[in-house]
Amino acid sequence: MANEPRNYDYVIIGGGPAGVYGALELGEHGKSVALINNALALGGAGVNTGTIPSKTLRETALALSGLRSRNLYGVDLSLHRDITVSDFLGHEQHVRGAFNNSIANRVEAKRIDVYAGAAAFTDPHTVELKPVADGPQETQVLRGENFLLATGSSPNRPDLFFSKKGEIYDSDTVLELDRIPKSMAVIGAGVIGSEYACIFAALGAKVHVVDGHDGLMPFLDAEIVKALTAAMEKNGITFHWKQKVTACEPIENDGARLTLSDEPPLSVDAVLVAAGRHSNIECLNLSAAGVTTDPKGTVVVDDAYRTNVPHIYAAGDIIGYPALASTSMAQGRLAVRHALGLADPALAPVLPTGIYTIPEISVAGESEASAQKKGIPIVVGLAKYSANARGQIIGDLDGFLKLVFRREDMQLIGVHVIGEQATEIVHIGLLGILTGIKAELLVDICFNTPTLSMCYKMAALDAIRHAGKS
Ligand SMILES: Cc1cc2nc3c(=O)[nH]c(=O)nc-3n(C[C@H](O)[C@H](O)[C@H](O)COP(=O)(O)OP(=O)(O)OC[C@H]3O[C@@H](n4cnc5c(N)ncnc54)[C@H](O)[C@@H]3O)c2cc1C
């Protein structure tokens, strides 16, 4: 039987980045807040299965494999022992635990009531919480003046990969690995598939990437795609482009055999399915609240993250693109600030994208292709890490930074980096784009040396040279 309803100013459904940051902002303003999560640990995919674990595993894989430092001339840092799963997962578990605790402490400090349960609407102001494992076993009922839907997303699993036998994983379950597979097929060459392909290749697995398209992430700059493809191949990854998996059969006690549309079958120790994600709306019973979704199942919101029901907001993966932890946190906060009548809800007009492949990639703003599509005349400047002192010191000779300037006034409109620290140094360019920096100022700035940041000066000089020639 359900308990008596408890009343709150705000009820937040989902304890990932969007929900937690929304809750913390409301706590700051002294509102009564219920934060419901269908798992005991807060943090969602951001902390428990996605962002933090995958990046921690990447760091561990780089350290264990010696891959990061393999271009140090005369230095052999390669690994001379077998990597065990506890080497691989131990640090991840430690980092995840630290984040879970830190979030729980921050939420508690703001006097937010946390509920473990799976929420479903019974009317536009009421949710019923179904018990979840290790949580309270009675059904609880909460009433809210306002709601924030932040239930995130889950990996897609095409029917063909539903077999319980064989080693078939997705990004949620890959952390359950009990050994490092000797071979792995990654289905899907998007961001998550490419990141995990690089991690497992670094750990010594023979990785096959299978995808129906004919190349990696077409939204990236073409030269960056070429460099990433070459680096992944150099690290032993084999691509199977324009291939569909038509059957996936478990091999008795060991792996799976994949039938491909136009190539010989592949037998591998493990399969990682990275075939996109869908919004978690199934359990919410949104029809009882009157909230509408689009045909893809994402919740539709306006610029202020408000659904078609004025007191119900939504943020994070549940509303679709860009579906990043970085943007989800910002959206959760902006949504509740709008509900509080506090602020202009717009996200920054230019957002960075970080892709933690090996090597890592980061971009912000226009690419050559997108600028040309918009009819913006541009000048491009390039700086190779091999021509940069820090690049030589750390042994990353393949990385580069590319800057895109508007020809008219040499204002920076795009930054593209591949190589060590790409996801860090991109922020210099991002800041430059947002503040309208011009090539000349990038040349005049005195950068620390030796640094990879110095590539900004080199690329700006290169662009000025090109602009002078044409
Ligand atoms: C492998 C991987 C790598 C990634 N790497 C990056 C990266 O490098 N950088 C980056 O910015 N982003 C990255 N992301 C994306 C990022 O993790 C997500 O965009 C982010 O976690 C979304 O936050 P959210 O709050 O919307 O949802 P989530 O983090 O998914 O949290 C939603 C929470 O709601 C809970 N929930 C669901 N339904 C209910 C219900 N009915 N009742 C109660 N609770 C419910 C879920 O269990 C979960 O705890 C990655 C994702 C994956 C999978």
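Placed above this text is the structure.
A brief report on the enclosed structure follows.

Conventions we followed
Residues numbered from 1 in each chain as written. Predicted model: local features only at pLDDT ≥ 70, side-chain atom pairs only at ≥ 80, totals over all residues. Heavy atoms only, no water. Phe/Tyr/Trp six-rings, centres within 6.5 Å; stacked < 30°, edge-to-face > 60°. Helix = DSSP H or I, 4+ residues; strand = E, 2+ residues; numbered from the N terminus. Buried < 20%, exposed > 50% of the residue type's maximum accessible area, 1.4 Å probe, protein only. Axes fitted to C-alpha atoms, helices over the stretch in contact; angles between N-to-C directions. Parallel < 35°, antiparallel > 145°, perpendicular 65-115°, else oblique. Left-handed = near helix turned anticlockwise from the far one by under 90°. Contact = heavy atoms within 4.5 Å. Nonpolar A, V, L, I, M, F, W, Y, C, P; charged D, E, K, R; others polar. Near = heavy atom within 4 Å. Polar contact = N/O pair within 3.5 Å; in protein donor to acceptor, adjacent residues only side chain to side chain. Areas by Shrake-Rupley, 256 points an atom, 1.4 Å probe, with all protein chains shown as cover. Domains from an automatic or database assignment. Salt bridge = Lys/Arg side-chain N within 4 Å of Asp/Glu carboxyl O. Pairing = 2+ DSSP bridges.

Right, let's talk about the packing of aromatic side chains for a bit. Evaluation of the coordinates by the stated rule reveals four aromatic pairs. Ring geometry for Phe121 versus Phe147: centroids 5.1 Å apart, planes at 55°, classification tilted. Of this pair, Phe121 sits in strand β4 (residues 118-123) while Phe147 sits in strand β6 (residues 140-149); the two residues are 26 residues apart in sequence, bridging distant segments of the chain. The burial state of Phe121 is the same as that of Phe147; both residues are buried.

Running from N to C, helix α3 (residues 51-65) and helix α5 (residues 191-202) cross one another at 30°; their axes reach a closest spacing of 9 Å. Regarding the angle of α3 to α5, the classification is roughly parallel. Judged by the sense of rotation from one axis to the other, the crossing of α3 with α5 is left-handed. Mapping the contact onto sequence places Ser54, Lys55, Leu57, Arg58, Ala61 and Ser65 in α3 and Glu195, Tyr196, Ile199 and Ala202 in α5. Its residues assigned to classes, the contact of α3 with α5 shows five nonpolar, two polar and three charged.

The environment of the ligand is formed by 36 residues, the closest being Asn37, Asn38, Ala45, Lys55 and Asp317. Contact between the ligand and Gly46: an oxygen atom at 3.0 Å from a main-chain N or O atom of the residue. Ala323 is positioned with one of its backbone polar atoms (N or O) 3.1 Å from an oxygen atom of the ligand. When the ligand is considered free in solution it has 1,000 Å² of accessible area, and contact with the protein chains removes 92% of it. Sorting the residues of the shell around the ligand by element identifies α1 (17-28), β2 (33-37), α2 (44-49), α3, β4, α5 and α8 (325-339) as the ones contributing at least two each. Shared between two domains, the shell around the ligand takes at least three residues from each, and those domains are domain 1 (6-154 + 278-339) and domain 2 (159-275).

Pairing between side chains of opposite charge can happen when the charged atoms of each approach one another. Evaluated as defined, the whole model comprises 19 salt bridges. In this structure, Asp123 and Arg143 form a salt bridge, with 4.0 Å as the shortest nitrogen-oxygen distance. Placement of Asp123 in strand β4 and of Arg143 in strand β6 is noted, with a sequence separation of 20 residues between them. Look at Asp123 and you get partly exposed, because its relative accessible area is 28%.

Taking strand neighbours across the sheet as the criterion, the five strands line up as β18-β19-β22-β21-β20 in an open arrangement whose pairing is antiparallel. In the strand order of this sheet, the two ends are held by β18 (352-355) and β20 (378-384), each with one partner. Across the sheet, the mean angle from the axis of one strand to that of its neighbour is 15°, orientation sign disregarded. Each of β19 (361-365), β21 (400-406) and β22 (411-418) touches helix α6 (residues 222-234); the most contacted strand, β22, lies at about 10° to it. Strand contacts of helix α11 (residues 422-435): β18, β19, β21 and β22, with the helix running at about 175° to β22, the strand carrying the most contacts.

Within a regular strand, side chains alternate between the sheet's two faces. Residues of strand β13 (residues 256-260) alternate between two faces, with Ala256, Leu258 and Leu260 buried on one and Arg257 and Thr259 left unburied on the opposite face. The sheet contact formed by strand β12 (residues 245-250) and β13 spans five bridges and is antiparallel. Counterpart to Cys248 in the pairing with β13 is Leu258. Between β12 and β13, which pair antiparallel in sequence order, lie five residues; one of them, Asn253, sits at a positive phi of approximately 60°. With three bridges joining them, β13 and strand β14 (residues 266-268) adopt antiparallel strand pairing. Considered in β14, the bridge of Leu258 is made with Leu266. The turn linking β13 back onto β14 is made up of five residues.

Interpretation in functional terms is not warranted from these geometric data alone.
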